[in-house]
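# Breakdown of the fold
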Amino acid sequence: MELGGTRTRGSRTMLFLVLVLMMIMAAAKAASGEGDVGDHDHEQFLKLWTERDGDIGKDYLNWDGDEEEEDGDDDEELEQVMSSAAKCRPTGRNVVNVDSFGAAGDGCSDDTEAFLDAWKKACSLNNAVFLVPGGRRYKVGAARFIGPCKNRMIIQIQGTIVAPEEPSEWDPKSPRLWLLFSGLSGVRIQGGGVIDGSGSKWWANSCKIDRSKPCKGAPTALTIDSCRGVRIHNLHLQNAQQMHLTVSRSRDIRLAGIHVDSPEDSPNTDGIHVADSTAVTILSSRISTGDDCISISNGSFAVKMKGIDCGPGHGISIGSLGQGGTFAAVEAVSLDGAWIHGAMNGVRIKTWQGGAGYVRNVRFANVVVDDVDHPIVIDQFYCDSRNPCHNQTSNVKVSNVMYRNITGTSRRAEAIRLACSDAVPCVDIVLSDINLLREDGAEVEMVCNCAMGFDYGRVRPAADCLRTSPCGGGVSPDVHPDDEDDDKIRHTEL
Ligand SMILES: *[C@@H]1O[C@H](CO)[C@@H](O)[C@H](O)[C@H]1NC(C)=O
Ligand SMILES: *[C@@H]1O[C@H](CO)[C@@H](O)[C@H](O)[C@H]1NC(C)=O
Ligand SMILES: *[C@@H]1O[C@H](CO)[C@@H](O)[C@H](O)[C@H]1NC(C)=O
């Protein structure tokens, strides 16, 4: 009896010790964030990470070869051309200077005609340089620079091109466009100059600023439409009337060293907007503005972004898509390397209830967020109208979206919000190596609705809701504060 009792007590103690040990091990495992990493997750992660769908954007994860052609050659060549031109020595380049066509460059006279005349000339010559000289301000109204042109044109903007200030005097035939470049191929736009939309009066007229005003679109400062193989390198855009730089209906476009600068409270002033375009690369660009730093909308495929400095602004967005029951398609978008600071969102996908189509194969990687309201957002309840939107039985399907190595600070407790539609849940959403905290070091949270996928590696805040995917009322779209006062016209394309 005595002996048996001792044995029982002994084995109970043993059992207790084993249990304690197991709990300690489990806690350590959970703390290291590896609790859920099994072989299955690893395989699934690799499969999804490298997944390719058809031909579209086959190489969207492959950054090799992107740096192959450096624009340096042309800069050097241009310098030679410019100094030779100054000395009246002949060169292989045909320099067409807007000054030779009567541009005053005094910031007051209207130089629109001079620019268009110079364009006509430059466009008719091989190896032309359309030159906007430095150290001067050219006031230019709505202008269309249309191709096709002869081969190897360079548009060299060294000075400042400034828009007329008065919306009431704007050319009514061009309500949404200021400087349009269209139908060009193999052209370079460069020179380190400034494109200034003088937007302040347009902003004051916006229905977002003055609720008594009707919601009307304003011009986009620089539009690249129906172009191929165009390179834009080293340009400053500021104070756009609405969006700064739009790439639409184009293919193989490369933007590098673009600086966008507008006030945080300027309405609808997206930095770079991509629509209906394939193979667009945006490199090493710095954007501070009042709306999305970069927005990628319908019909965009194989869009790569690398080295983006964004803030203030609304972050880097895909969407909005599917408004008014429309079909939308966006595929193969990747962001590799960004610093997003003092912004409303970090990386975001936004779709409307009732839309159709898809957003798929998206990678957001290597992003540092600093003082960002909501670093990671999928919002399928996007409602940018003054009337409430109702839940519907269709939506733009979001699938295969990966977030990898996203770290930094969130301004709000709700750092990650995956609000997917009940009717069309998000699938294959993967979070990997995420570390988000409040500025003061407090923990943040992640909320989901119908978001299916998994976490891999260390993920903080914990991604439990992604694994268990609650559906139906997981989030309350109606109280979400973002963009509550955006108007309907924000992303109207050409
Ligand atoms: C969106 O893009 C797709 C594919 O490019 C096109 O078929 C569709 O009509 C577009 N939707 C809208 C609303 O423009
Ligand atoms: C994570 O992203 C940051 C910012 O781009 C980068 O500096 C860092 O090297 C990345 N870490 C890994 C492991 O790739
Ligand atoms: C729409 O669906 C979401 C998610 O299920 C839910 O939280 C929300 O209350 C619904 N909104 C309306 C207006 O029914």
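The protein appears in an unreviewed UniProt entry as endo-polygalacturonase from Leersia perrieri. For the protein, the Catalytic activity (unreviewed entry) comment in UniProt is given as "(1,4-alpha-D-galacturonosyl)n+m + H2O = (1,4-alpha-D-galacturonosyl)n + (1,4-alpha-D-galacturonosyl)m." Quoted verbatim from the Subcellular location (unreviewed entry) heading of the UniProt record, the comment on the protein is "Secreted, Cell wall".

Side chains Ile154 and Gln156 project from strand β6 (residues 154-157) onto one buried face, and the interleaved Ile155 and Ile157 project onto a second face that is buried too. Strand direction decides the pairing type here: β6 and strand β9 (residues 188-190), joined by three bridges, are parallel. Note on β9: the bridge partner recorded for isoleucine 155 is isoleucine 189.

This brings us to the site of ligand 2. Taken together, Gly337, Asn366, Val368 and Asn405 make up the full set of residues adjacent to ligand 2. Residues belonging to the shell around ligand 2 are distributed by class as follows: one nonpolar, three polar and no charged.

Overall, parallel pairing links the 11 strands, which are arranged β5-β8-β11-β13-β15-β17-β19-β21-β23-β25-β27 in an open sheet. A strand with exactly one partner marks an edge of an open sheet, and here the two such strands are β5 (143-146) and β27 (445-449). Ignoring strand direction, the axes of neighbouring strands in this sheet form an average angle of 15°.

On to the site of ligand 1, then. Near ligand 1 you find Asn298, Gly299, Thr326, Phe327, Ala328 and Ala329, and these make up its full shell. Looking at side-chain class alone, the shell around ligand 1 contains three nonpolar, three polar and no charged residues.

A separate point is the UniProt feature "active site" (unreviewed entry) in the protein. In the numbering adopted here, UniProt assigns the feature "active site" (unreviewed entry) to His314. Judged by local crowding, histidine 314 falls into the buried class, with 26 C-beta atoms found within 10 Å. With near-sequence residues (within four places) excluded, histidine 314 lies in contact with Asp291, Asp292, Ala343, Met344 and Asn345.

On the secondary structure map, cysteine 420 appears in the loop between β25 (414-419) and β26 (426-438). Put simply, cysteine 420 and glutamine 353 are 67 residues apart on the chain and 10.0 Å apart in space, counted from C-alpha to C-alpha. With residues near it in sequence (within four places) discarded, cysteine 420 still touches Ile378, Gln380, Val398, Pro425, Cys426, Asn449, Cys450 and Ala451.

What follows concerns the nonpolar core. Within the largest apolar cluster, 124 residues are counted, with the highest numbers of intra-cluster contacts made by Phe130, Ile316 and Leu418. In this view, leucine 418 contacts Ile378, Cys426, Ile429, Cys448, Ala451 and Leu466; residues no more than four positions away in its chain are not counted.

The rules behind the values
Residues numbered from 1 in each chain as written. Chains lettered and ligands numbered in written order. Predicted model: local features only at pLDDT ≥ 70, side-chain atom pairs only at ≥ 80, totals over all residues. UniProt positions renumbered as here; feature names shortened; annotations may be inferred. Buried ≥ 20, exposed ≤ 12 C-beta atoms within 10 Å, placed from the backbone. Helix = DSSP H or I, 4+ residues; strand = E, 2+ residues; numbered from the N terminus. Pairing = 2+ DSSP bridges. Near = placed C-beta within 6 Å. Nonpolar A, V, L, I, M, F, W, Y, C, P; charged D, E, K, R; others polar. Axes fitted to C-alpha atoms, helices over the stretch in contact; angles between N-to-C directions. Contact = placed C-beta atoms within 7 Å. Core = buried A, V, L, I, M, F, W, Y, C linked by C-beta atoms within 7 Å.

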